[in-house]
Amino acid sequence: MASQPPVHEPTPQRRQFLGRLPLPERSYVADALRTETVGGVLLLLAAVVALVWANVWPDSYQSVLNHTVGPSAPLHLDLTLGTWAKDGLLTIFFFVAGIELKREFVAGELRSPSAAMLPVIAAVCGVVLPAVLYTVVNAGPGGHPSGWAVPTATDIAFALGVLAVVGSHLPSALRAFLLTLAVVDDLIAILIIAVFYSSGIKFWALGLALAGLVLFWFLHRRGVHGWYLFVPLAFVIWALMHESGVHATVAGVAMGLMLRCHREGDEKHSPGEHIEHLVRPLSAGLAVPVFALFAAGVTISGPALREVFTQAAPIGIMVGLVVGKSVGVFGGTWLAARFTRAELNPQLKWADLFAVSVLAGIGFTVSLLIDELAFPDDPALTERAKAAVLVGSLICALAATVLLKLRNRHYRELCEEEDRDLDGDGIPDVYQQDDPAWQQRMADRARQTAARQAAPEQTAAGQSDARRAEPRSTDQGPPTQGPTRPAGEGRDGAR
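Described in the following lines is the structure provided in the data block. (Residues numbered from 1 in each chain as written. Predicted model: local features only at pLDDT ≥ 70, side-chain atom pairs only at ≥ 80, totals over all residues. Heavy atoms only, no water.)

## Focus: the overall build of the protein
Link 1 in the chain: Within the protein, the secondary structure is distributed over 17 helices and 4 strands.
Link 2 in the chain: Within the protein, the proportion of its 495 residues that are buried is 46%.
Link 3 in the chain: Contacts spanning at least 24 positions in sequence make up 78% of the contacts within the protein whose residues lie at least 6 apart. (Helix = DSSP H or I, 4+ residues; strand = E, 2+ residues; numbered from the N terminus. Buried < 20%, exposed > 50% of the residue type's maximum accessible area, 1.4 Å probe, protein only. Contact = heavy atoms within 4.5 Å.)

Structural data, given as structure tokens:
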């Protein structure tokens, strides 16, 4: 019997990683990053002001930082301004992070398990490796293992502020990856805070806070509107959570996760997207910069800097941010792509992802928050750890700037291609190239342009033909060269 030819089964198509975003997702990411970029610049300015203020007028800075405001009864809200910034304003930041996370799971990059795998693995590796490196550095005598979570967070606002300052044209796919990475990173951070840095739980206050969250969810699901109702309710939930011993920022994430982030009927925007659009400028433009103003004021001196580079805790933080975050994010993404057979966008290189991984090592806002929670009884160590966060973030910012600048011309070309809109309909051409209607419009546009360019040439050719067709004079005499002179008159007019 004749042998049968081998049957070749079709090769499964490899999923592209960091490919072009869907248009709605691209629009959302562009809007979100625009606000975060402005907030990032304000964050940088606030950090600089805090450093100058704390070193030039240290007594004034500490006086404002420790000024107490608020009622002592019934929920012990007589807090210092520094605590209000840390526990109060950052709740707004985590509220927006909760909405972002909910939206990513229902409508964004995390809605598909296959698409979510890479950024989630990258975020987890970017948390685990810094914690491991910090623990190794602080395992010996003189170490402080309680600060293991300080170098695990990524500050998206600070990272985007760096991009804005250095003028990098980072493509939307890389920006979206950085944003998704930071969202998952924030979720892990709030879980770490809730589990490892909450103590002395008061269950009556926690129970009332959970009851308030249920009421918040019920009113929202019933379609009840009105900030005058939800803002007081949110404040009560926050105050009860603060009293319970669980860190108050957990309330912000919980309320953000309860908002509906999918569209129904003819809605242009879901309630969660609408609320995020309103609250994000408050978070990026006020809450985070004010927190930075009260948290980043560390004393800079020769002995202080020497301790940053000689004590185990600050060294562990810097190693965790600079090495742990960069290698963890990049290595986790590369391994996940290799084992899931995901194919990198051919317009990008793995070096581009490594540059973004280094940028993810900028851990500012949440790192400073965890720093104050990790060393509550050692103000001097808290100051050194803050300085280490600033130094490590600065090193990552400078290194990422160099790496991104090497490819900035290529990024600019990609951004120009992404934004090109030749027909002026508000939709980039890359999203319409397969649309016959768009192809017809572009063909008509090309014909009109060619016709306009040909019209002057035809006019000029017609005028030239007309001049050649003019009848010549029948007078055969020689042409005169000016007025005739009388006979015998010379050139100078003399006879």
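Further notes follow.
## With respect to the pattern of salt bridges
Link 1 in the chain: Per the stated rule, a full pass over the model turns up 12 salt bridges.
Link 2 in the chain: Note that glutamate 100 is salt-bridged to arginine 280, the shortest N-O span being 2.5 Å. Of this pair, glutamate 100 sits in helix α3 (residues 81-106) while arginine 280 is found in helix α10 (residues 271-295), placing the two residues 180 residues apart along the sequence. Accessibility classification places glutamate 100 together with arginine 280 in one group, the buried group.
Link 3 in the chain: Glutamate 264 is paired through a salt bridge with arginine 260; the nearest N and O atoms lie 3.9 Å apart.
Link 4 in the chain: Accessibility expressed as a relative area gives 42% for glutamate 264, which makes it partly exposed. (Salt bridge = Lys/Arg side-chain N within 4 Å of Asp/Glu carboxyl O.)

## Re the side chain of aspartate 371
Link 1 in the chain: Mapping aspartate 371 onto the fold places it in helix α14 (residues 365-374).
Link 2 in the chain: Lacking a salt bridge, the buried aspartate 371 has lysine 386 as its closest oppositely charged neighbour, with an N-O distance of 5.3 Å.
Link 3 in the chain: Leaving out residues up to four positions away in the same chain, aspartate 371 has contacts with Val150, Thr382, Ala385 and Lys386. (Lys, Arg positive; Asp, Glu negative; His and termini not counted.)

## Some words on the side chain of glutamate 383
Link 1 in the chain: Mapped onto the fold, glutamate 383 is located in helix α15 (residues 379-405).
Link 2 in the chain: This buried residue, glutamate 383, is left without a salt bridge; lysine 386 holds the nearest opposite charge, at 4.1 Å.
Link 3 in the chain: Filtering out sequence-adjacent residues up to four positions away, glutamate 383 remains in contact with Gly297, Val298 and Thr299.

## Some details on the environment of serine 270
Link 1 in the chain: If you trace the backbone, serine 270 turns up in the loop between α9 (249-258) and α10.
Link 2 in the chain: Each C-alpha atom of the pair serine 270 and arginine 103 lies 9.5 Å from the other, and the pair is 167 residues apart in sequence.
Link 3 in the chain: Ignoring sequence-local partners within four residues, the contact set of serine 270 consists of Arg260, Cys261, His262 and Arg263.

## A few points about unusual backbone geometry
Link 1 in the chain: One non-glycine residue, histidine 76, lies in positive phi territory at about 55°.
Link 2 in the chain: Mapped onto the elements of the fold, histidine 76 is located in the loop between β2 (68-69) and β3 (79-80).

## Here we look at the packing of aromatic side chains
Link 1 in the chain: Per the counting criterion, the structure on display carries 10 aromatic pairs.
Link 2 in the chain: Between the aromatic rings of tryptophan 84 and tryptophan 238, the centroid separation amounts to 5.5 Å while the plane-to-plane angle is 25°, which identifies the pairing as stacked. Of this pair, tryptophan 84 sits in helix α3 while tryptophan 238 sits in helix α8 (residues 227-244), and the two are 154 residues apart along the sequence.
Link 3 in the chain: On the basis of relative accessible area, tryptophan 84 is assigned to the partly exposed category, the value being 22%.
Link 4 in the chain: Relative to phenylalanine 196, the ring of tryptophan 148 lies with its centre 5.2 Å away and its plane at 90°, an arrangement referred to as edge-to-face. (Phe/Tyr/Trp six-rings, centres within 6.5 Å; stacked < 30°, edge-to-face > 60°.)

## Remarks on a nonpolar patch on the surface
Link 1 in the chain: A cluster of nonpolar side chains, contributed by Val224, Trp227, Tyr228, Leu229 and Val231, occupies part of the molecular surface with about 540 Å² of accessible area.
Link 2 in the chain: With respect to the helices and strands, the residue valine 224 is situated in the loop between α7 (203-221) and α8. (Patch = residues over 30% accessible without salt bridge, like charges linked within 9 Å, V, L, I, M, F, W, Y side chains within 5 Å. Areas by Shrake-Rupley, 256 points an atom, 1.4 Å probe, with all protein chains shown as cover.)

## Re α8
Link 1 in the chain: Between its terminal C-alpha atoms α8 stretches 25 Å, which fits the 26 Å expected from 18 residues at 1.5 Å a residue.
Link 2 in the chain: Along α8, the residues that are buried comprise Phe230, Leu233, Ile237, Trp238, Ala239, Leu240, Met241, His242, Glu243 and Ser244.
Link 3 in the chain: In this structure, the buried side of α8 is in contact with β3, α3, α7 and α9.
Link 4 in the chain: Following α8 by one or two positions, glycine 245 has its phi on the positive side, about 100°. (Expected span 1.5 Å × (residues − 1).)

## Here we look at the environment of histidine 76
Link 1 in the chain: Judged by relative accessible area, which is 43%, histidine 76 ranks as partly exposed.
Link 2 in the chain: Along the sequence, histidine 76 and histidine 242 sit 166 residues apart, while their C-alpha atoms lie 9.0 Å from each other.
Link 3 in the chain: Those residues in contact with histidine 76 that sit more than four places away from it in its chain are Pro71, His242 and Glu243.
Link 4 in the chain: A polar contact is formed between the side chain of histidine 76 and the side chain of glutamate 243, at a distance of 3.2 Å. (Polar contact = N/O pair within 3.5 Å; in protein donor to acceptor, adjacent residues only side chain to side chain.)

## Concerning the nonpolar core
Across soluble globular proteins, you tend to see nonpolar side chains buried next to one another.
Link 1 in the chain: Counting 119 residues, the largest nonpolar core has Leu18, Phe216, Ile317, Leu359, Ile362 and Phe364 as the members making the most contacts within it.
Link 2 in the chain: Per element, the largest residue contribution to this core is 14 residues, and it comes from helix α6 (residues 172-196).
Link 3 in the chain: In contact with leucine 359, not counting residues within four places along its chain, are Ala159, Val162, Leu163, Leu178 and Ala400. (Core = buried A, V, L, I, M, F, W, Y, C linked by side-chain atoms within 4.5 Å.)

## Observations regarding the packing of α10 against α14
Link 1 in the chain: Between α10 and α14, whose axes approach to 10 Å, the crossing angle comes to 45°. By the criterion of interaxial angle, the relationship of α10 to α14 is oblique. Seen from above, α10 lies across α14 with left-handed handedness. Contact residues: Val288, Phe291 and Ala295 in α10; Thr365, Leu368, Leu369 and Glu372 in α14. (Axes fitted to C-alpha atoms, helices over the stretch in contact; angles between N-to-C directions. Parallel < 35°, antiparallel > 145°, perpendicular 65-115°, else oblique. Left-handed = near helix turned anticlockwise from the far one by under 90°.)

## As for the layout of surface pockets
Link 1 in the chain: Its volume calculated, the largest pocket comes out at about 1,000 Å³.
Link 2 in the chain: Around the largest pocket sit 32 residues that line it, and Phe95, Phe230, Val231, Ile275 and Val279 are the ones nearest its centre.
Link 3 in the chain: Counting only elements with at least two residues in the lining of the largest pocket, the list comes to α3, α7, α8 and α10.
Link 4 in the chain: Here the residues of the lining of the largest pocket sort into 19 nonpolar, 9 polar and 4 charged. (1 Å grid on protein atoms, 1.4 Å probe; cavity = no way out; pocket = protein on both sides within 12 Å on 5 of 7 lines; lining within 4 Å. Points joined across faces, edges and corners; volume = space filled by probe spheres on them. Nonpolar A, V, L, I, M, F, W, Y, C, P; charged D, E, K, R; others polar.)

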